[in-house]
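A closer look at the structure
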Amino acid sequence: MIRVENLSAFYGKAQALRDVSLHVDEGETIAIVGANGAGKSTLLDSIMGLVRNTGSITMDGQDITGRKPADMVRMGIGYAPERFNLFPHMTVRDNLLVGAYTARDEIEKNMAAVHRLFPRLAEREGQETSTQSGGERQMVSLGRALMTNPRVLLVDEPTIGLAPKVCVEIAEVLKRLSAERGLTVIVTEQNTNFALSLASRLYVLEGGHVTAEGTADELSKDDQLAKSYFGA
Ligand SMILES: Nc1ncnc2c1ncn2[C@@H]1O[C@H](COP(=O)(O)OP(=O)(O)O)[C@@H](O)[C@H]1O
Ligand SMILES: [Mg+2]
């Protein structure tokens with residue numbers, strides 16, 4: 001559904017990604033795992049058109065290289081960035097509405113779907129996000145990305161700073177989205193166990209470059225990789 005080929009990304013003269021190629025099939029969940037600074041956020045930002053890049057990105061076979069972020073959203077890509085980027089002094093409901101700017105006709109329908117997925121957000125509609133727990137804020141961030149009813153969801157390190165129990169809740173929600181809606185998901189993580197619990201295939205990103213890819217079984221056969229990433 002999405003194919004990235006030879007993607008390189010730059011901040012000024014500094015190169016943050018080098019020749020990254022990956023693909024995700026319709027309805028599939030893939031994970032990009034890598035340490036701090038590996039280029040995970042840069043990769044998702046590049047797909048969204050937020051960082052200067054070279055290479056090619058196609059969606060359903062159509063070239064979407066170089067499109068603007070709002071166009072990517074209209075094409076059906078939702079993005080839940082790292083550190084949420086919520087408006088802390090706005091309510092849960094208003095933060096969700098911010099995500100709906102390209103889908104104004106379907107706001108109530110999409111809001112109802114987000115509330116079904118995260119009943120707690122319905123209960124806490126009027127609460128300022130600054131007073132919420134980390135897990136609740138992650139739910140608002142995911143909910144906001146879903147307010148356009150996307151076909152593909154990009155999720156950047158959803159478990160960062162969250163307790164293990166909350167990580168399991170987030171994993172359950174992503175699995176439901178995949179099973180019930182056939183949503184295609186690209187998730188980045190340092191938490192390899194979380195990534196393994198969700199993804200059919202993983203890509204290992206090191207220093208802006210993909211150094212390994214495959215199913216969990218395939219990757220765990222590589223001793224060095226298993227030690228570095230899979231705690232084995
Ligand atoms: N806005 C920026 N300006 C300059 N360099 C950046 C910027 N954002 C990230 N980088 C650099 O790009 C590299 C990849 O960063 P990032 O994509 O944030 O990694 P990760 O998300 O895996 O922690 C790092 O070397 C980082 O310092
Ligand atoms: Mg990051």
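Being a predicted model, the structure only gives us computed values, none of them experimental. (Residues numbered from 1 in each chain as written. Chains lettered and ligands numbered in written order. Predicted model: local features only at pLDDT ≥ 70, side-chain atom pairs only at ≥ 80, totals over all residues. Heavy atoms only, no water.)

1. Here's the deal with the coordination of the magnesium ion (ligand 2)
The coordination sphere of the magnesium ion (ligand 2) contains the protein donors Ser41 (OG) and Glu82 (OE), at a distance range of 2.0 to 2.3 Å. Here serine 41, found in helix H1 (residues 40-47), pairs with glutamate 82, found in the loop between strand E6 (77-80) and helix H3 (92-98); they are 41 residues apart in sequence, far enough to count as distant. On the basis of relative accessibility, which here comes to 21%, the residue serine 41 falls in the partly exposed class. (Donors = N, O, S within 2.8 Å, 3.2 Å for Na, K, Ca; no water. Helix = DSSP H or I, 4+ residues; strand = E, 2+ residues; numbered from the N terminus. Buried < 20%, exposed > 50% of the residue type's maximum accessible area, 1.4 Å probe, protein only.)

2. Focus on helix H4 (residues 107-117)
Where H4 is concerned, the buried positions are Asn110, Met111, Ala113, Val114, His115 and Leu117. Elements in contact with the buried residues of H4: H3, helix H5 (119-123), helix H6 (134-146) and helix H7 (164-181). (Contact = heavy atoms within 4.5 Å.)

3. Here we look at the domain arrangement of the protein chain
Domain boundaries assigned for the protein chain yield domain 1 (1-76 + 152-159 + 182-232) and domain 2 (82-150). The distance between the C-alpha centroids of domain 1 and domain 2 comes to 24 Å. Listed by partner, the interface residues are 12 residues for domain 1 and nine residues for domain 2. Here domain 1 and domain 2 share an interface that buries about 850 Å² over both sides, 64% of which is from carbon and sulfur atoms. Joining domain 1 to domain 2, the criterion identifies zero salt bridges. Linking domain 1 with domain 2 are one residue pair in polar contact (both at pLDDT 80 or more), by the criterion used here. (Domains from an automatic or database assignment. Buried area = accessible area lost by both parts, 1.4 Å probe. Salt bridge = Lys/Arg side-chain N within 4 Å of Asp/Glu carboxyl O. Polar contact = N/O pair within 3.5 Å; in protein donor to acceptor, adjacent residues only side chain to side chain.)

4. Structural notes on the side chain of asparagine 95
Residue position: asparagine 95 is located in helix H3. Judged by relative accessible area, asparagine 95 falls into the buried class, the value being 0%. Here asparagine 95 is in contact with Leu86, Phe87, Met90, Thr129, Val140 and Arg144, once residues within four sequence places are set aside.

5. Thoughts on the layout of surface pockets
Of the voids in this model, the largest pocket is the one considered here, and its volume is about 570 Å³. The wall of the largest pocket is formed by 28 residues, among which Asp45, Leu50, Tyr79, Pro81 and Asn85 lie closest to the centre. Where the lining of the largest pocket is concerned, the elements lending two or more residues are H1, helix H2 (69-74), E6 and H6. Top contributing element to the lining of the largest pocket by residue count: H1, with four residues. Within the lining of the largest pocket, the residues separate by chemical class into 12 nonpolar, nine polar and seven charged. Forming the boundary of the second largest pocket are Lys109, Asn110, Ala113, Arg116, Leu117, Leu146, Asn149, Arg176, Leu177, Glu180 and Arg181. For the lining of the second largest pocket, the secondary-structure elements that each account for two or more residues are H4 and H7. Grouping the constituent residues of the lining of the second largest pocket by class yields four nonpolar, two polar and five charged. (1 Å grid on protein atoms, 1.4 Å probe; cavity = no way out; pocket = protein on both sides within 12 Å on 5 of 7 lines; lining within 4 Å. Points joined across faces, edges and corners; volume = space filled by probe spheres on them. Nonpolar A, V, L, I, M, F, W, Y, C, P; charged D, E, K, R; others polar.)

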